[in-house]
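Inside the fold
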Amino acid sequence: MVNLSNIIRTHLEEVRRRMIIDQITLDGWDVQNAHYLKPGEYEPIEGTSRKIDVGDIWARQGQTAFMTKEVDIPKEWDGRYLAMEIQTDGEGLLKVNGHPYHGVDNWRGYIMLDQAVKGGSHYKLEIEGKCGRPWDYVVTDARTPYILSRARLIAIDKVTERYYYDLAVVLDSACCQEDPVLREALLRAIKKAMLNVDFRAAGNDEFKSGLAKASEALKENLSEIKFGDNTAGVYLVGHSHIDLAWLWPLKETMRKVGRTYSTVTTLMEEFPDYKFVCSQVPLFLWLKAQYPEIYEKVKARAAEGRFEPIGGTWVEHDCNMLSGESFVRQCLYGQRFFKSEFGVDVRVGWLPDVFGYSWAMPQIYKKAGLDYFMTAKLTWNDTNRFPYNTFWWQGADGTKMMTHIHFGPYNNEANPAEIAKCWKNNLNKLEFPEFLETFGYGDGGGGPTRQMLEYIPRMKDIPGLPKAETGSAHAFFDRMREEAVDLPVWNGELYYEMHRGTYTSQAWNKRYNRLSELLYRDLEIWSSMAGLYGYAYPKETINENWHTILLNQFHDIIPGSSITEVYNVSHEDYRGVLDDGACMKAQAVDKLAEGIDTSGSGVPVVVFNSVSWERNGSVSVEAPYSSCRVLKSSGADVPCQVSDGVLTFSACNVPSMGYEVYHVVQGSASQQTPFTFDGKTIKTPFYEVKLSADGTFDHVLDLENKREVIADGCRGNILQVFDDRPSKEEAWDIELHYQDKGAEFVQEGPVKLIENGPARLVLGRTLKYGTSVLDQKVVFYANSRRIDFINDIDWQERKAVLKAAFPVSVQSCRATYEIPYGAIERPTHWNTTWDLARFEVSGHRWADLSESGYGVSVLNDCKYGWDIKDNVIRLTLLRAPEYPDPIADKGRHEFTYSLLPHAGDWTCGTIREAAELNIPLTAVQTEHRKGTLGASHSFVSVDNPKAIIDTIKQAEDSDDMIVRVYESCGSRGPVSLKFDRPISKASECNLLEAEIDSVDCDGSTLKFFIKPFELRTFKVAFD
Ligand SMILES: [Zn+2]
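Residues numbered from 1 in each chain as written. Predicted model: local features only at pLDDT ≥ 70, side-chain atom pairs only at ≥ 80, totals over all residues. Heavy atoms only, no water.

A short note on the overall build of the protein
Looking only at helices and strands, the protein has 17 helices and 61 strands in total. A compact globule built from 1023 residues would reach a C-alpha radius of gyration of about 31 Å, and the protein, at 33 Å, matches this within 12%. For the protein, the spread of C-alpha atoms along the principal axes amounts to about 110 × 60 × 55 Å. A buried classification covers 62% of the 1023 residues belonging to the protein. Approximately 37000 Å² of the protein is accessible, and the part contributed by carbon and sulfur atoms is 49%. Here the protein contributes 114 positively and 145 negatively charged side chains, and the mean placements of these two sets differ by 2 Å. (Helix = DSSP H or I, 4+ residues; strand = E, 2+ residues; numbered from the N terminus. Rg over C-alpha atoms; globule rule 2.2 N^0.38 Å. Buried < 20%, exposed > 50% of the residue type's maximum accessible area, 1.4 Å probe, protein only. Areas by Shrake-Rupley, 256 points an atom, 1.4 Å probe, with all protein chains shown as cover. Lys, Arg positive; Asp, Glu negative; His and termini not counted. Charge placed at Lys NZ, Arg CZ, Asp CG, Glu CD.)

Concerning the coordination of the zinc ion
Bound to the zinc ion are the protein donor atoms His-241 (NE2), Asp-243 (OD), Asp-353 (OD) and His-555 (NE2), situated 2.0 to 2.1 Å from the metal. Taken together, the four donor atoms coordinating the zinc ion span angles of 90 to 156 degrees at the metal, a pattern that classifies the geometry as irregular. Going along the chain, you hit the donors of the zinc ion in the pattern H-x1-D-x109-D-x201-H. In this pair, His-241 sits in the loop between strand S14 (233-239) and helix H5 (250-270) while Asp-353 sits in the loop between strand S17 (348-350) and helix H9 (361-367), placing the two residues 112 residues apart along the sequence. Each member of the pair His-241 and Asp-353 is classed as buried. (Donors = N, O, S within 2.8 Å, 3.2 Å for Na, K, Ca; no water. Tetrahedral: all angles 85-135°; square planar, octahedral: opposite > 155°, others 65-115°.)

Focus on the pattern of salt bridges
Between side chains of opposite charge, a pair can form as their charged atoms come close. Considering all chains together, one arrives at 87 salt bridges under this definition. For the salt bridge of Glu-1014 with Arg-1016, the shortest nitrogen-to-oxygen distance reads 3.4 Å. According to the relative accessible area criterion, Arg-1016 is buried, its value standing at 12%. Several salt bridges share partner residues, and in doing so they unite Glu-91, Glu-128, Lys-130, Glu-252, Arg-255, Lys-256 and Arg-259 into one network. (Salt bridge = Lys/Arg side-chain N within 4 Å of Asp/Glu carboxyl O.)

Focus: the side chain of Thr-160
In this fold, Thr-160 is placed in helix H2 (residues 158-175). The contact partners of Thr-160, leaving out residues within four places of it in the chain, are Val-15, Arg-18, Met-19, Phe-207 and Leu-211. (Contact = heavy atoms within 4.5 Å.)

A word on helix H12 (residues 473-483)
Note: α-helices contain 3.6 residues per turn, so residues at a spacing of three or four share the same orientation. Three or more residues of H12 are buried, namely Ala-473, His-474, Phe-476, Phe-477 and Met-480. All buried residues of H12 fall inside an arc of 160 degrees around its axis, so they share one side. (Arc of directions from axis to C-beta.)

Side note on empty space enclosed by the protein
Under the defined criterion, the tally for this structure stands at 10 cavities of 30 Å³ or more. When its volume is computed, the largest cavity comes out at roughly 250 Å³. As for the largest cavity, its lining consists of 20 residues, and the residues nearest its centre are Ser-323, Gly-324, Leu-518, Arg-845 and Asp-950. Listed by contribution, the elements that provide at least two residues to the lining of the largest cavity are helix H8 (324-342), helix H13 (507-531), strand S43 (814-819) and strand S54 (947-954). (1 Å grid on protein atoms, 1.4 Å probe; cavity = no way out; pocket = protein on both sides within 12 Å on 5 of 7 lines; lining within 4 Å. Points joined across faces, edges and corners; volume = space filled by probe spheres on them.)

With respect to the layout of surface pockets
Looking at the second largest pocket, its volume works out to about 770 Å³. Arg-16, Trp-107, Tyr-110, Tyr-165 and Gln-451 are the residues nearest the centre of the second largest pocket, which is lined by 32 residues in total. Among the secondary structure elements, those contributing two or more residues to the lining of the second largest pocket are helix H1 (4-17), strand S7 (81-87), strand S13 (150-156), H2, H5 and helix H11 (450-455). For the lining of the second largest pocket, the residue count by class is 13 nonpolar, eight polar and 11 charged. (Nonpolar A, V, L, I, M, F, W, Y, C, P; charged D, E, K, R; others polar.)

Here we look at the sheet that holds strand S55 (residues 961-967)
Read across the sheet, five strands follow the order S54-S55-S61-S57-S58 without closing on themselves; strand pairing throughout is antiparallel. A strand with exactly one partner marks an edge of an open sheet, and here the two such strands are S54 and strand S58 (995-998). Mean inter-strand twist for the sheet, computed between neighbouring axes without regard to direction, equals 35 degrees. Examined bridge by bridge, strand S57 (residues 983-989) and S58 share three bridges and lie antiparallel to one another. (Pairing = 2+ DSSP bridges. Axes fitted to C-alpha atoms, helices over the stretch in contact; angles between N-to-C directions.)

Quick notes on the environment of Leu-267
Mapping Leu-267 onto the fold places it in helix H5. With 155 residues separating them along the chain, Leu-267 and Met-112 place their C-alpha atoms 8.4 Å apart. Apart from residues lying up to four places away in sequence, Leu-267 is in contact with His-102, Tyr-274, Pro-448, Thr-449, Arg-450 and Leu-453.

Regarding the nonpolar core
Of all hydrophobic cores here, the largest spans 214 residues; its most connected members are Tyr-261, Phe-307, Tyr-357 and Phe-780. If one sorts the elements of this core by residue count, H2 sits on top with nine residues. Look past the residues within four positions of Phe-307 in its chain and what remains in contact with it is Tyr-261, Val-264, Met-268, Phe-276, Cys-278, Phe-284, Val-298, Arg-301 and Ala-302. (Core = buried A, V, L, I, M, F, W, Y, C linked by side-chain atoms within 4.5 Å.)

Considerations on the pairing of strand S36 (residues 718-723)
With five of six residues buried, S36 is to be regarded as a mostly interior element. Across six bridges, S36 lies against strand S42 (residues 800-807) in antiparallel orientation. In the strand pairing of S42, Phe-722 is matched with Val-801. Sheet topology note: the S36/strand S37 (residues 742-744) ladder contains three bridges and is antiparallel.

Here we look at H5
With 21 residues, H5 extends 31 Å from end C-alpha to end C-alpha; this agrees with the ideal 30 Å at 1.5 Å per step. A large share of H5 lies buried, amounting to 20 of its 21 residues. (Expected span 1.5 Å × (residues − 1).)

Considering the environment of Phe-686
Residue position: Phe-686 is located in the loop between strand S32 (681-683) and strand S33 (687-691). A residue is classified by how much of its surface remains accessible, and Phe-686, at 12% relative accessible area, is buried. Placed 11 residues apart in sequence, Phe-686 and Phe-675 show a C-alpha to C-alpha distance of 9.9 Å. Aside from chain neighbours lying at most four places away, what touches Phe-686 is Leu-701, Asp-702, Leu-703, Glu-704, Tyr-781, Ala-782, Asn-783, Ser-784 and Arg-785.

Things to note about the environment of Gly-305
If you trace the backbone, Gly-305 turns up in the loop between helix H7 (292-304) and strand S16 (307-309). Taking the C-alpha atoms as reference points, Gly-305 and Ser-121, separated by 184 residues in sequence, lie 34 Å from one another.

Quick word on the sheet that holds strand S41 (residues 787-795)
Judged by pairing direction, the sheet is antiparallel, and its nine strands sit side by side in the order S38-S39-S40-S41-S50-S47-S46-S43-S44 without closing on themselves. At either margin of the open sheet sits one strand with a lone partner, and together these are strand S38 (746-756) and strand S44 (822-827). Going from strand to strand, the sheet's axes swing by 20 degrees on average, the running direction of each strand aside. Pairing analysis gives eight bridges linking strand S40 (residues 772-781) to S41, with the strands arranged antiparallel. In the strand pairing of S41, Asp-775 is matched with Asp-792. Docked against the sheet, H13 engages strand S47 (854-860) and strand S50 (891-903), running at close to 60 degrees with respect to S50. Lying over the sheet, helix H17 (residues 910-918) contacts S41, strand S46 (846-851), S47 and S50, oriented at roughly 20 degrees with respect to S47.

Points about the packing of H2 against helix H3 (residues 180-194)
Between H2 and H3, the shortest axis-to-axis distance is 8 Å and the interhelical angle comes to 160 degrees. One finds that H2 runs roughly antiparallel with respect to H3. In the crossing of H2 with H3, the sense of the turn from one axis to the other is left-handed. Judged by residue contacts, Tyr-163, Leu-167, Val-170, Leu-171, Ser-173, Ala-174 and Cys-175 of H2 engage Arg-183, Leu-186, Leu-187, Ile-190 and Met-194 from H3. Partitioning the contact of H2 with H3 into residue classes produces 10 nonpolar, one polar and one charged. (Parallel < 35°, antiparallel > 145°, perpendicular 65-115°, else oblique. Left-handed = near helix turned anticlockwise from the far one by under 90°.)

Here we look at the pairing of S57
Judged from the six bridges that link them, S57 and strand S61 (residues 1015-1022) form a sheet pairing that is antiparallel. Residue pairing for S61: Ala-986 is matched across the bridge by Val-1020. Between S57 and the antiparallel strand that follows it, S58, lie five residues; Glu-993 among them carries a positive phi value of about 70 degrees.

Digging into the packing of helix H14 (residues 539-551) against helix H15 (residues 564-594)
The interhelical angle for the contact between H14 and H15, taken along N-to-C directions, is 150 degrees, at an axis separation of 10 Å. Here H14 lies roughly antiparallel to H15, going by the angle between them. For the pair H14 and H15, the sense of crossing is left-handed. Residues Thr-541, Ile-542, Asn-545, Thr-548 and Ile-549 of H14 form the contact with H15, whose own contacting residues are Asp-573, Val-577, Asp-580 and Met-584. Residues belonging to the contact of H14 with H15 are distributed by class as follows: four nonpolar, three polar and two charged.

Examining the state of the cysteines
Covalent bonding between the sulfur atoms of two cysteines is what defines a disulfide. A full pass over the atoms with the stated rule returns zero disulfides. Free cysteine Cys-714: the closest other cysteine sulfur is in Cys-813, separated by 19 Å. (Disulfide = S-S within 2.5 Å.)

Below, the structure is given as structure tokens:
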């Protein structure tokens, strides 16, 4: 027997053929091919100017084509609905009569030109087309031809088209129904309605009235189906996920915005209920710069509430590698843009496509005005199903943020099958019987199509299907807050059980990001202090460079999942940011140094300390003499040594956020080295280290704590290389089977003694694996418990991962890792699938394994991937994926990691040592001056050792000082911030620098109470 759905489908095909009532083939396009260099700049390809017809080649792989066709509309088409059909297999922007109008690609092959065309009117159609689909960019064979396989103007009969969609939506709804009775009832309702249509009358009014009657009958037939009520609702929001860079470079995204948003604004004219959300500031900036006409339309639609800014951050950023302050700046600069350009306060955090979400986020997002959070990614976990779709997400400090995880992908077609599937998989139906679904093609842009917009209003009332509604994403979340009851709480990070390789891939980007974050931290602190002495704070340049840092934190750039070209541009961006930053920081510290009393003997060196505690540290400057002594301003000698023209000395007790003046004089100090090294054993003030034959650490005896650091029978500082061959998405994924096959870097020759002096002992070793060569310096300090491993590697492996391993004599089933503004504990065992899935995790500057009374931390200066299983701490150093960048990470890398055995746990010094490794003291050789500032000075200090001043900057809207403090250990207590001068006014702010509360201010001191992992921001002004 013939299937009922097939009968309906055949009927619909016949209807579809009758939708087009006339056509004009668009032959004779003028074409010129070119290479796209950057926005507005093209290199024409010689000899490619020609005329083409349908069926001809319009471009070859990698090329852009400028295509023009002029056409007159026949008089008899007057009043008709005019559209263009085009198929190129490429991606382009259609201009109509000189105005950007609509994107062209295989999803946008049907473009409405006029809903009632004027007969005899003239159209100039211009297309700037690029080869490849919206997500294609990588050129494989430059000869591959692209053919203009369709180009015609069509006149559409709207009555027939409407009827077609009326039936198609119900047919699709029936086909995805799991209940056989309801499916049959829906099909019969259609079949019955179809009887009103008489194809023999096709083309005349009787046929059209039959279609209208059939549509009405269908509605009635559906209303008669008794199936109980589906009270569920789906809230459909138009969207196009545009990756700023991925398989294409930023410069291509600058064209994508024109294609995508012209389509959105044009479709909005035809579909008055169509609403669209858009995140990411650079997309708006590029649109404004390249397509001002579209941008103005976007602004007009935004004013109507139909184009809805969302996300509130500068870009849809990664959440594994960003420092706390980077998260803040994503929000600060993002929210400021949306406020100034669109007058809106964005309240919905929006990261549909990011690879795991830090436990720090609820607090940061909420303090930046983002009350809600939306993602889709966690439903793609490879091991465990995340248990909720709608829930309160609780952060490290206890802040709860209302969160909604859309089931499945974020690029949806808004069809009945998708909606039914999302509803079926929604895990919080009872708490809140609605869900948000974004519709529209994305990743490479594109957005919603006409078909989606035709479907949505027809899905309002179909038996068995959640009721479709469109509206703003903010309205959905507000309703959820009002109506959801007894929502569950998830307290912890939102770990993504996939893409664990992104903590490590493209190591230079991770390093540049860390260097940039910390350089700009220093720069802002010293510029703020110098600003108190008349220095002009370079706010504009600092902010511009912050925007570049934030752009490169996009969720396919910093994770390492983009193509080679993206990283070439990114590295250049970072080098510019770092050069500018170094230059501005030098100006700020020089300005401060000018006011400091440096009088005395020898060459004065001012050592600046930007961390908020008094610290010791090793400082290296060019040696002014072949033999030197270094004196504190009190005249006391400090440990120093000269090697290869570099003077290294132990600065001690440098004041919090302040400086200390040292004097380098000629001569030799009588100090002795506290180190011995006999080729096998190293003795330092803190340790006795025994080397094995291969240069690894056989034993590390902690002399102060009288215990062994390395596990019995094991070696520390092993450089392990594993086969890293994930089954797909190489740059993204590291799969557990990498552990099946591994080897070690092998030391060549003996360990060499490089330096041995009063300040430090430096050993050197060279290791090889395959054709890769690693030079490692091992540094022991006289005034620090840290042992640094400074690495310079030529990494030539492919599909391999490099880890540094420390099996330690510590037993604990929990390890702790630094996250932005805090720390997180994770298991060291694989008891459950949730534990096992976290076989590789992200962490920032340190990770720690402690048992009662003692522990071992490993620190790093630019790495983010870790695994700690049982008692083995491993830091992931490098990967070598070949897709999508075939040369990813090949070549030279620099990085430092450190071993820090300690009494107590991670709260007993680890945080400070890790900060000090990452934020070195700044030494400035200067001249003798009689300054007004003393030889040792603290600009700001904090009395609570667990409260850390992370940021000092100038306020965005005034010359006031912004001071940001966080509680670092998970404790609570009173805090006093002491400045070096009287405060004239002070207030507490949110992260957008809006004043929210008063603060207890006593002369030059701010006083407040801080809670575990709490982040506080103050605005301060001085007389
Ligand atoms: Zn994405």
